[in-house]
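So you can see what is in the structure, the chains are spelled out below.
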Amino acid sequence: LESLENACVLSGVAPRSGRRLVNVFKLMKIIWYRRDQTPGVDTPHEVSMKDACVWILALCASNSRSVRKEMCKVLAKIEETSSMPGDCGNLKDFIEKALSQVDGTCLAKMNSEKCRGILEEVKWKNNDEWNVVKNDLRLLRCFSFVGEYNESEEDIHRGL
């Protein structure tokens, strides 16, 4: 939970969103535990991926509408990517490439030393490893807080 707290502080998560993130984190822990081949023993990749998921969720729950909007683009890019991205081999590079056309608000939050280090640890060398990462990120998208309940899809795209 320390990682979750750090991510919430950096991302500017409101108290209500913070409580929602704690509950989502609890659900994800249950999902990870149930699908794990050896419950209770996490590989270094699994630890890195779980930490990265916490940080991405916090960015998706940021008070900044522009950060939430850009994280929506990142998660959509993951859905669109059918094979391993050849031009980047870690999650930090993938996110930076997906956000290369933006104003930098989201990248500035990502560039904290702690966040950057965690995202760099999530690596892939082949399509199978990419698919493992992609599956976790697709799960993450199900729980992300991109947009608000009362915002229409049109409002989100217009930036209102």
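Residues numbered from 1 in each chain as written. Predicted model: local features only at pLDDT ≥ 70, side-chain atom pairs only at ≥ 80, totals over all residues. Heavy atoms only, no water.

Caption draft 1: Region of interest: the overall build of the chain. Within the chain one finds nine helices and zero strands. Within the chain, the proportion of its 160 residues that are buried is 41%. The long-range fraction of contacts in the chain, counting pairs at least 24 apart against all pairs at least 6 apart in sequence, stands at 76%. Accessible surface for the chain amounts to roughly 8,900 Å². Of this, 50% is attributable to carbon and sulfur atoms. (Helix = DSSP H or I, 4+ residues; strand = E, 2+ residues; numbered from the N terminus. Buried < 20%, exposed > 50% of the residue type's maximum accessible area, 1.4 Å probe, protein only. Contact = heavy atoms within 4.5 Å. Areas by Shrake-Rupley, 256 points an atom, 1.4 Å probe, with all protein chains shown as cover.)

Caption draft 2: Here's a closer look at the nonpolar core. Core analysis: the largest hydrophobic core is formed by 40 residues, its most contacted members being Leu21, Met28, Ile56, Leu91 and Leu137. Contributions of two or more residues to this core are made by helix H1 (2-11), helix H2 (15-35), helix H3 (44-60), helix H4 (65-80), helix H5 (91-98), helix H7 (113-121) and helix H8 (127-143). Counting residues per element, this core draws most heavily on H3, which supplies 10 residues. For Leu137, the residues in contact, after removing those within four places along its chain, are Met49, Ile56, Leu75, Ile78 and Leu91. (Core = buried A, V, L, I, M, F, W, Y, C linked by side-chain atoms within 4.5 Å.)

Caption draft 3: Layout of the pattern of salt bridges. In the structure shown here, the tally under the stated rule is six salt bridges. The salt bridge partner of Lys73 is Glu70, with a shortest N-O separation of 3.4 Å. With Lys73 and Glu70 both in helix H4 and three residues apart, the pair spans about one turn of that helix. Across the salt bridge formed by Lys92 and Asp93, the nearest N and O atoms sit 3.6 Å from each other. The buried category is assigned to Lys92, whose relative accessible area is 8%. (Salt bridge = Lys/Arg side-chain N within 4 Å of Asp/Glu carboxyl O.)

Caption draft 4: Expanded view of the packing of aromatic side chains. Overall, the coordinates contain two aromatic pairs when judged by the stated rule. Measuring from centroid to centroid gives 5.4 Å for Phe94 and Trp130, while their planes differ by 45°, and the two rings are tilted. With Phe94 in helix H5 and Trp130 in helix H8, this pair connects stretches of sequence that are 36 residues apart. For the pair Phe94 and Trp130, one class covers both residues: buried. By the ring-pair criterion, three or more aromatic residues cluster together here, those being Phe94, Trp124 and Trp130. (Phe/Tyr/Trp six-rings, centres within 6.5 Å; stacked < 30°, edge-to-face > 60°.)

Caption draft 5: Layout of the packing of H4 against H5. Where H4 contacts H5, the axes come no closer than 9 Å and their chain directions differ by 110°. With respect to H5, the axis of H4 lies roughly perpendicular. In this structure, H4 contributes Val74, Lys77 and Ile78 to the contact, and H5 contributes Phe94, Ile95 and Ala98. The residue inventory of the contact of H4 with H5, partitioned by class, reads five nonpolar, no polar and one charged. (Axes fitted to C-alpha atoms, helices over the stretch in contact; angles between N-to-C directions. Parallel < 35°, antiparallel > 145°, perpendicular 65-115°, else oblique. Nonpolar A, V, L, I, M, F, W, Y, C, P; charged D, E, K, R; others polar.)

Caption draft 6: Examining the packing of H1 against H3 more closely. Relative to each other, H1 and H3 sit at 30°, their axes nearing to 8 Å. Put simply, H1 runs roughly parallel to H3. With respect to the hand of their crossing, H1 and H3 are arranged in right-handed fashion. Along its contact with H1, which presents Ser3, Leu4, Asn6, Ala7, Cys8, Leu10 and Ser11, the element H3 presents Asp51, Val54, Trp55, Ala58 and Leu59. (Left-handed = near helix turned anticlockwise from the far one by under 90°.)

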